[in-house]
Amino acid sequence: MSKRTFVGLCFVPLAVLVTAFFLLPMARLILTGASGQDGLRAYAAILLDPRYRATLFNTISLAAATTIATLVIATISGLFLQRRRFPGHALLVAMLTFPLAFPGVVVGFMIILLAGRQGLLGDLTLRFFGTKEVFAYSLQGLFLGYLYFSIPRVILTIMAAVEKLDPSLEEAARALGAGPWRVVRDIILPALAPAFIASGAIAFATAMGAFGTAFTLATDVAVLPMLIYTEFTLSANIALAAALSVGLGLITWAILALARSYGGTSIAAAG
Amino acid sequence: MRDRLLFAAQLVFTALVAAFLIVPAMLSMLAGVTLNYFRGIHSGLTLQWVVQVWQLYPDTIFRSFLIALATLAVTLVVGIPAAYALHLRNDRISRAIEEIITLPLAIPGLALALALLLTYGGFSDFRRSWLFILAGHAVFTLPFMVRSVMAVFGAIDLKSLDEGAASLGALPWRRFRDVIVPNAAPGILAGSLMVVTLSLGEFNLTWMLHTPLTKTLPVGLADSYASMRLEVASAYTLVFFVMIIPLLVAMQIFAGFRGGPTARPR
Amino acid sequence: MSLQQSRHSNGHGVAVRVENCAKTFTDGTHALGPVTLDVTRGETVVLLGPSGCGKTTLLRIIAGLEMPNHGGRVLFNKAEVTQVPIERRNVGMVFQSYALFPNMNVAENIGYGLKIRGVNGAERSARVAELVALTGIEGLEHRRIDQLSGGQRQRVALARAVAVRPSVLLLDEPLTALDAALRERLRGELNRLLRTLGITTVYVTHDQSEAMVLGDRIVVMRKGAIAQIGTPRDIYFAPASRFVAEFIGAANIIDAAYNGGSLLFPGGKLAARPDNMTTKDRVLVMIRPESIRIVAADGARLCGQIETVSFVGDRQRAAIGGVAAKPIIVDVPNSVPLKPGDRVGLAIDPSAVRLLPPDPV
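Residues numbered from 1 in each chain as written. Chains lettered and ligands numbered in written order. Predicted model: local features only at pLDDT ≥ 70, side-chain atom pairs only at ≥ 80, totals over all residues.

Enquirer: I would appreciate a short explanation of the overall build of chain B in the present structure.
Expert: A count of helices and strands for chain B gives 13 helices and two strands. Over its C-alpha trace chain B gives a radius of gyration of 23 Å, far above what one expects of a compact globule, namely 18 Å for 266 residues. The principal-axis extent of the C-alpha atoms belonging to chain B is close to 75 × 70 × 30 Å. Burial status across chain B gives 47% buried among its 266 residues. Look at the contacts in chain B between residues 6 or more apart in sequence, and 74% of them connect residues 24 or more apart. (Helix = DSSP H or I, 4+ residues; strand = E, 2+ residues; numbered from the N terminus. Rg over C-alpha atoms; globule rule 2.2 N^0.38 Å. Buried ≥ 20, exposed ≤ 12 C-beta atoms within 10 Å, placed from the backbone. Contact = placed C-beta atoms within 7 Å.)

Take a look at the structure:
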């Protein structure tokens, strides 16, 4: 068997798996989206129909707010952790990256424990302020949930990027008289820009497609994945659900592709 | 002085963020072994909730492991040769294929599940078996395996090893088996850990694809959060943590081995 | 007046003083072991040595990027700056990798130090233009860093360091990253520039020809300690140890017996009047290859046989065996015909024979 044949054969299992369980289904999905009573117009519905537009707006706002907050938090903590060493450092890093594998459902549960009806924060505010604060099931709770699964991922990426920074650039700036804040503003943040874009895009994409968290928190806040779910399972509005899914997929893919043109490999969106 | 203040402020901030992430997890682990969550730890510790979880949801735990290992097997068989071929070809078609492999990550799990349901919903035997879930998991975790293996291929100068073995007379399959795969072991291991961890925790896809007879652990968790008392839900979550933490630790340690020392001026 | 002589610093007073500075890193490595050094205002001091000798560590202590061990002091113009961080020492530093900021163009890089100091835009532009002209990089002001060649980057790094009118200029192997031909050309330009600017300069390199060209004084370092300080001529003609002799230029180091007025070699005798030799009967001598002349074998007091001849370009280098335990290297003009196997005599001026202290145990 020649080398070329062997290499060709190496692709066969891949071709089978991807075609059968990805390409064909996606094609089917796109076609189904256009098969409803509105036909292809269903695809525009995501932008035209005020209900769906509101949901889209909610979802995008939430994802954007999550991304920005996560980047700020991760940069402050990531810079700190990568640059300073102290007893307990490894523990702190472990604590921050531990939730990496939690599915959205578990995150939702975490938020309930924190801010739900029997939540920790509720107990504390009751003890100190007299009223029990319960916000797990509202927009704030959802936002916290989204923060919860975004921070570990982004912190890891930022820390990896900080590690790769060239220390001589900072030393040169210091030699020219720049104080610590100046160095951060003029040298470090610009150097981290590619990492911000890459990890920000992933955080955004993940937040857009997040389902488990919203499902567990069962909020009234409409986010696109929940809408798709209810349309499919409760209203049996298959075509619409398909159309919305494709729309969501396109937007997510576009954001990621845009970010990838700014730099290299990245860890992927999940749950 | 200013530096110490800055250090303290950053430390407190980071500790608060860490607390935000860890405290609920700790709470849930504690709640899983507490007799009565409302009365707190004073009510006593017990394993009864864990036992109850074991009685209510044993199939979910087994099935999650089964699917995770099966997913691993599939991604190994599909991913390693594919990574090899992609690395060797390294042309525009390879880029396109990589792009396609990675697409499932850009698509929300929900959409992917929907697509699978629409296509295979009619094949009721397949639809109702755990293999259906396996299919979704395999497509979703494949990019991680491929990327991980390709990364290590890039680092070990695969071409020279391959050519060296070829010059000694080894045929392609032999080279693959004796030289390529063993030298790619670190990447394969890293990818495997990633695949198993992702599969165990996968929800978005699985929730849509499951049937009452093919529940996985995360699906069971969602059920329990909705319908069970807090202690049972917490105990169930505790079981999940116990499964997941060793894998996470293994991944961290593994990543640590690959780090290098920092440079110092002479 | 030769160029060498005119190079002696016109300023007086010690601009930089390093007193008892040592450095042990957190992992236990002892990189620099107490050294004391004075740099006169306006002079260029070169720290020269192999990698690991501590020269960069010493430079970084002067810069303020490293703190010396307890007890070490750094003084600028008699004022103690040991605890002053680099941001406030007003030094100009050129790094080995140049450390140009990729998010700024050439003009912005050069002007960055001025921006920090609050110099307004117009003044800044004027100063940047001045430096661009001085370093010969006209036309590159708006280029991004990754569009520059190695030589251009080096000049931008220098312009940036000098723009702020530092009291001390520190250069960490600025030419090492360049290829040989470029290095030699830039060395000359750098030399002219440093002369023109007249700033007190500390320059680190492992290249001895760079050190000879650029330094008013050379500090040869080895394993964290100073092996010798002196002008290039002092170091070259009167090395203080075998290490310095071998590090600077080529050297024949011979272990010879001494017998009242003559050095005894297997291949003959050599009249010698080196100092402090009176009591010992075995000595270590150094003779530079260019101080030995090939003469006819008959009648010569020192004879040997040519083992190899290498054509170096501007001269020949012959290895003569049978004179001492190891072959003696001799530089011979191209006009002298040589063949391996010829018997030749060696003529050496006694004043070119330099005594070295015995090797440390």
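Enquirer: Mind showing me how you'd approach the overall build of chain A here?
Expert: A count of helices and strands for chain A gives 13 helices and zero strands. For chain A, the succession of helices and strands along the chain, N to C, is α-α-α-α-α-α-α-α-α-α-α-α-α. Overall size of chain A, expressed as C-alpha extent along the three principal axes, is 75 × 65 × 35 Å. When each of the 271 residues of chain A is scored for burial, the buried share is 51%.

Enquirer: Explain the sheet that holds strand β13 (residues 268-271) of chain C to me, please; I cannot follow it from the model alone.
Expert: To summarise the sheet geometry, strands pair through backbone hydrogen bonds and adopt either a parallel or an antiparallel arrangement. All names here are of chain C. Across the sheet, five strands lie side by side as β13-β12-β11-β14-β20; this open sheet has antiparallel pairing. Sheet topology places β13 and β20 (354-356) at the edges, where each strand pairs with a single neighbour. Neighbour-to-neighbour, the strand axes of the sheet open up by a mean angle of 45 degrees, direction not taken into account. When strand β12 (residues 262-265) meets β13, the two strands line up antiparallel, connected through four bridges. In the strand pairing of β13, Leu-263 is matched with Leu-270. (Pairing = 2+ DSSP bridges. Axes fitted to C-alpha atoms, helices over the stretch in contact; angles between N-to-C directions.)

Enquirer: Before we go on, may I ask you to explain the pairing of strand β19 (residues 343-348) of chain C in this structure?
Expert: Across a regular strand the side chains alternate sides, sitting on one face of the sheet and then on the other. Residues and elements named next belong to chain C. Alignment of strand β15 (residues 292-295) against β19, held across four bridges, turns out to be antiparallel. The residue of β19 that forms the bridge with Val-295 is Gly-345. Pairing of strand β16 (residues 303-311) with β19, which is carried by three bridges, proceeds in the antiparallel orientation. Looking at the pairing, Cys-303 lines up with Gly-345 of β19.

Enquirer: How do you make sense of the packing of helix α7 (residues 130-155) of chain B against helix α10 (residues 185-201) of chain B when you look at a structure like this?
Expert: For any two helices packed against each other, one specifies the inter-axial angle together with the distance between the axes. Residues and elements named next belong to chain B. For the pair α7 and α10, the least separation of the axes is 8 Å and the interaxial angle reads 160 degrees. Taken together, the axis directions place α7 and α10 in an arrangement best described as roughly antiparallel. Like other packed secondary-structure pairs, α7 and α10 cross with a definite hand, here right-handed. Two secondary-structure elements touch here, α7 through His-137, Thr-141, Phe-144, Met-145, Ser-148, Val-149, Ala-151 and Val-152 and α10 through Pro-186, Gly-187, Ile-188, Ala-190, Gly-191, Met-194, Val-195, Leu-198 and Ser-199. Grouping the constituent residues of the contact of α7 with α10 by class yields eleven nonpolar, six polar and no charged. (Parallel < 35°, antiparallel > 145°, perpendicular 65-115°, else oblique. Left-handed = near helix turned anticlockwise from the far one by under 90°. Nonpolar A, V, L, I, M, F, W, Y, C, P; charged D, E, K, R; others polar.)

Enquirer: Before we go on, may I ask you to explain the interface of chain B and chain A in this structure?
Expert: Often, the extent of an interface is quoted as the loss of accessible area on bringing the components together. Taken together, the contact between chain B and chain A spans 63 residues of the former and 68 residues of the latter. Here the element with the most residues in the side of chain B that touches chain A is helix α1 (residues 2-31) of chain B; it accounts for 14 residues. Of the residues belonging to the side of chain B that touches chain A, the class tally is 51 nonpolar, nine polar and three charged.

Enquirer: Just checking my understanding: could you explain the interface of chain C and chain A for this structure?
Expert: Of the residues lining the interface, 16 residues belong to chain C; the matching set on chain A comes to 13 residues. Only β6 (91-94) and α3 (106-116) of chain C provide two or more residues apiece to the side of chain C that touches chain A. Of the residues forming the side of chain C that touches chain A, the biggest block, three residues, is contributed by α3(C). A per-class count over the side of chain C that touches chain A returns eleven nonpolar, three polar and two charged.

Enquirer: Is there a simple way to explain helix α6 (residues 180-197) of chain C in this structure?
Expert: Spacing of three or four residues puts side chains on the same side of an α-helix, whose turn is 3.6 residues. Residue and element names in this part refer to chain C. With 18 residues, α6 extends 25 Å from end C-alpha to end C-alpha; this agrees with the ideal 26 Å at 1.5 Å per step. If you check which residues of α6 are buried, you get Arg-183, Leu-186, Leu-190 and Leu-194. End-on, the buried residues of α6 take up no more than an arc of 80 degrees, which puts them together on one face. Across α6 from its buried face, at more than 90 degrees, point the exposed residues Ala-181, Gly-188, Arg-192 and Thr-196. Residues of α6 that are buried sit in contact with β3 (44-48), α5 (150-163), β8 (200-205) and α7 (208-214). (Expected span 1.5 Å × (residues − 1). Arc of directions from axis to C-beta.)

Enquirer: Sorry if this is basic, but what is going on with the domain arrangement of chain B here?
Expert: All names here are of chain B. Its domain assignment divides chain B into domain 1 (24-57 + 215-246) and domain 2 (66-214). Listed per partner, the contact involves eight residues of domain 1 and twelve residues of domain 2. If you list the elements that add at least two residues to the side of domain 1 that touches domain 2, you get α12 (217-227) and α13 (230-257). If one sorts the elements of the side of domain 1 that touches domain 2 by residue count, α12 sits on top with four residues. Residue composition of the side of domain 1 that touches domain 2, grouped by class: six nonpolar, one polar and one charged. (Domains from an automatic or database assignment.)

Enquirer: Is there a simple way to think about the packing of helix α4 (residues 50-83) of chain A against α1(B) in this case?
Expert: With their axes 10 Å apart at the nearest point, α4(A) and α1(B) run at an angle of 120 degrees to one another. The angle between α4(A) and α1(B) falls in the class oblique. Like other packed secondary-structure pairs, α4(A) and α1(B) cross with a definite hand, here left-handed. Counting all contacts with α4(A), which are made through A:Ile73, A:Ile76, A:Ser77, A:Phe80 and A:Leu81, the residues of α1(B) involved are B:Gln10, B:Phe13, B:Thr14 and B:Val17. Here the residues of the contact of α4(A) with α1(B) are counted per class, giving six nonpolar, three polar and no charged.

Enquirer: Before we go on, may I ask you to explain the sheet that holds strand β4 (residues 73-76) of chain C in this structure?
Expert: Residue and element names in this part refer to chain C. If you walk across this open sheet you meet the four strands as β2-β1-β4-β5, and the pairing is antiparallel. The sheet terminates laterally at β2 (30-40) and β5 (79-80), the two strands that pair on one side only. Direction of pairing for strand β1 (residues 14-24) relative to β4: antiparallel, over a ladder of four bridges. Paired with Val-16 across the two strands is Phe-76, which belongs to β4. This element, helix α2 (residues 55-63), spans β1, β2 and β4 of the sheet and lies at about 120 degrees to β1.

Enquirer: Please clarify how the nonpolar core should be interpreted in this entry.
Expert: Across soluble globular proteins, nonpolar side chains have a tendency to be buried as a group. Within the largest apolar cluster, 162 residues are counted, with the highest numbers of intra-cluster contacts made by A:Ile111, B:Leu114 and B:Val149. Residue contributions to this core peak at 15 residues, all from α7(B). When residues are assigned to domains, this core turns out to be shared by domain 1 (24-57 + 215-246) and domain 2 (66-214) of chain B, each giving three or more. By size, the runner-up hydrophobic cluster in this structure holds 107 residues, among which are A:Ala178, C:Ala157, C:Leu190 and C:Val330. (Core = buried A, V, L, I, M, F, W, Y, C linked by C-beta atoms within 7 Å.)

Enquirer: So what exactly am I meant to see when it comes to α3(C) here?
Expert: Residue and element names in this part refer to chain C. Along α3, eight of the eleven residues are buried, which leaves the element largely enclosed by surrounding structure. Listed as buried for α3 are Val-106, Ala-107, Asn-109, Ile-110, Gly-111, Tyr-112, Gly-113 and Leu-114. Buried residues along α3 sit in contact with α4 (121-135) and α5. After α3 finishes, the residue Gly-118 shows a positive phi value of roughly 80 degrees.

Enquirer: Honestly, the environment of A:Ala90 in this entry has me stumped. Any pointers?
Expert: Relative to the assigned elements, A:Ala90 resides in helix α5 (residues 89-97). Taking the C-alpha atoms as reference points, A:Ala90 and A:Arg117, separated by 27 residues in sequence, lie 34 Å from one another.

Enquirer: For this particular structure, what's the right way to read the environment of B:Glu99?
Expert: Inspection of the secondary structure assignment puts B:Glu99 in helix α4 (residues 92-106). The sequence separation of B:Glu99 and B:Phe153 amounts to 54 residues, and the corresponding C-alpha distance is 18 Å.

Enquirer: Would you mind going over the pairing of strand β18 (residues 328-332) of chain C with me for this structure?
Expert: Residues and elements named next belong to chain C. Only one face of β18 is covered, namely the face carrying Ile-328, Val-330 and Val-332; the face carrying Ile-329 and Asp-331 is uncovered. Pairing geometry for strand β17 (residues 316-321) and β18, over five bridges, is antiparallel. Following the sheet pairing, Gln-316 is matched in β18 by Val-332. Joining the antiparallel neighbours β17 and β18 is a turn of six residues, in which Gly-322 adopts a positive phi near 85 degrees.

Enquirer: Help me understand unusual backbone geometry in this model?
Expert: Across residues other than glycine, the phi torsion is negative in most instances, and most of the peptide bonds are trans. Residues and elements named next belong to chain C. One non-glycine residue, Ala-99, lies in positive phi territory at about 50 degrees. Topologically, Ala-99 is positioned in the loop between β6 and α3. A positive phi angle, close to 50 degrees, is found at Lys-223, a residue other than glycine. With respect to the secondary-structure elements, Lys-223 resides in the loop between β9 (217-222) and β10 (225-230).

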